[in-house]
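# Overview (structure and organization)
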Amino acid sequence: MRIDVVTIFPEYLSALDVSLIGKARRDGLLEIHVHDLRDHTVDRHRTVDDTPYGGGAGMVMKPEPWALALESIAEAGRSAGLGRPVLLVPTPSGELFRQSVAQELSAADHLVVACGRYEGIDERLFHWARELFEVRLVSLGDYVLNGGEVAALAMIEAIGRLVPGVVGNPESLVEESHSDGLLEYPVYTKPSSWRGHEVPDVLLSGDHGRVAAWRREQQLERTRRRRPDLLPDPAAD
Ligand code: SAM
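Along every chain, residues carry numbers that run from 1 in the direction the sequence is written. The model is predicted, so local features are restricted to residues of pLDDT at least 70 and side-chain atom pairs to those at 80 or more, both for listing and for counting; the totals for chains, interfaces and linings are taken over all residues. Working from all heavy atoms in the structure, the side-chain values ignore hydrogens and water.

Attention now goes to the site of the ligand. Whether a residue is near a molecule or strand is decided by its heavy atoms; if any one of them lies within 4 Å of it, the residue is near. By nearness alone, 18 residues border the ligand, and Pro90, Glu119, Leu140, Tyr143 and Leu145 come closest of all. Here a polar contact means two N or O atoms within 3.5 Å. Within protein one must be a hydrogen donor candidate and the other an acceptor candidate, and residues neighboring in sequence count only if both atoms are side-chain atoms. For the ligand, a nitrogen atom lies 3.3 Å from a polar atom in the backbone of Thr91. Separating a nitrogen atom of the ligand from a side-chain N or O atom of Glu119 is a distance of 3.0 Å. Within the complex, 82% of the 580 Å² of free accessible area of the ligand lies under protein. For each structure, a 1 Å grid was placed over the protein atoms alone; sets of points admitting a 1.4 Å probe that cannot get out are labelled cavities, open sets with protein on both sides within 12 Å along at least five of seven lines are labelled pockets, and lining residues have an atom within 4 Å of a point. The rule for placing a molecule in a cavity or pocket is simple: more than half of its atoms must lie within 2 Å of the grid points. At a threshold of 2 Å from the grid points, most atoms of the ligand map onto the largest pocket. Segments assigned H or I by DSSP are reported as helices when at least four residues long, segments assigned E as strands when at least two residues long, and all are numbered from the N terminus. Residue assignment for the shell around the ligand shows that the elements contributing at least two residues are strand S5 (86–96) and strand S7 (134–139). Note on areas: Shrake-Rupley, 1.4 Å probe, and residue coverage restricted to the protein chains presented here.

Another point: the sheet that holds strand S6 (residues 110–114). DSSP bridges decide pairing: two strands pair if at least two such bridges lie between them. The strand order S2-S1-S6-S5-S7 describes an open sheet built from 5 strands, whose pairing is parallel. Every interior strand has two partners, whereas the edge strands, strand S2 (31–36) and S7, have only one. Sheet twist, expressed as the average angle between the axes of neighbouring strands with direction ignored, equals 30°. As paired strands, strand S1 (residues 2–7) and S6 are joined by 5 bridges and run parallel to one another. When the sheet's bridge partners are listed, Asp4 is paired in S6 with Val112. Should any heavy atoms of two residues lie within 4.5 Å, those residues are considered in contact. Lines fitted to C-alpha atoms define the axes, with helix axes restricted to the stretch in contact, and inter-axis angles between N-to-C directions lie between 0 and 180 degrees. Strands in contact with helix H2 (residues 63–79) are S1, S2, S5 and S6; relative to S1, the strand with the most contacts, it is inclined by about 165°.

Here we come to the pattern of salt bridges. Salt bridges are defined as contacts in which a side-chain nitrogen from Lys or Arg sits within 4 Å of a carboxyl oxygen from Asp or Glu. Enumeration according to the criterion identifies 16 salt bridges in this entry. For Glu31, the salt bridge goes to Arg2, with nearest N and O atoms at 3.7 Å. On the criterion of sequence distance, the pair formed by Glu31 in strand S2 and Arg2 in strand S1 is long-range, its members being 29 residues apart. Arg2 gets classed as buried once you look at its relative accessible area, which sits at 9%. For Arg161, the salt bridge is made with Glu176, and the minimal N-O distance between the two is 2.8 Å. Relative accessibility decides the category of a residue: with a 1.4 Å probe and only protein chains considered, values under 20% of the type maximum give buried, values over 50% give exposed, and everything between is partly exposed.

Put simply, side chains in a regular strand alternate between the two faces of the sheet. Sheet topology places S1 next to S2; 6 bridges connect them, and they run parallel. Within the sheet, the bridge partner assigned to Val5 lies in S2 and is Val34. Crossovers are marked right-handed if the path from the first strand over the helix to the second runs clockwise, as seen with the strands pointing away from the viewer. Of the crossover connections in this fold, the one passing from S1 over helix H1 (residues 19–26) to the parallel S2 is right-handed.

For the bond running from Lys190 to Pro191, omega is 5°, close enough to zero to count as cis. The backbone phi angle of Ser19 is positive, close to 60°, even though this residue is not glycine. With respect to the helices and strands, Ser19 occurs in helix H1. In the Ramachandran plot, Arg46 falls in the positive-phi region, its phi being about 55° despite a non-glycine side chain.

Printed below as a string of structure tokens:
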């Protein structure tokens, strides 16, 4: 999978060099390019923002540097024989970025992430971009960050770890929170007795059937308690 990230803070993305994503890059499973949006400006001051039409606080990102950056990335993908790229735009006004979205996007061969700053990017860019990209506006959650870089890191990690080979043991992707709509069951390691706290007996029993039943029960109980919104609405038919 090829991933391009466009940002005015390329150094922010240095976290993509470490841990499993960094290893996946070195192993050639993920090809990640980080671009400085300012390299696609045409004025002496490398300007990427301007005042908003209609007035109001803050600045808005100009569409032209974005269009120049995105055109050159789309062209690079085409030359490499990749399919139609997906343009991921982190924004608090987008669809919620869920595990199901990460699953879907892990099948793409070319993702481009546009990290906004200030009050966001001129809306016309997203209409223009539909010619070259499948455009997805995605939100990390119902809160506001200063920029799209943190969201880009979270999304790249969530998507990248689903690419075959990135996580060493694919089994560990199966029983995770959100993989089947529920939260994961509690997990424990040695020692079985720690500072007066015991591992539940069932996990020491060696009875795989009982362990599986206990874990399922724990998943349902934990989901009911912490995230009832994830459970099917009993009133709906
Ligand atoms: N004025 C925008 C609004 O109210 O919707 C918020 C802009 S925010 C200060 C600047 C940038 O941070 C956004 O363009 C986006 O890239 C990123 N951002 C902020 N919150 C986000 C979230 N919850 N999910 C994804 N990206 C977010």
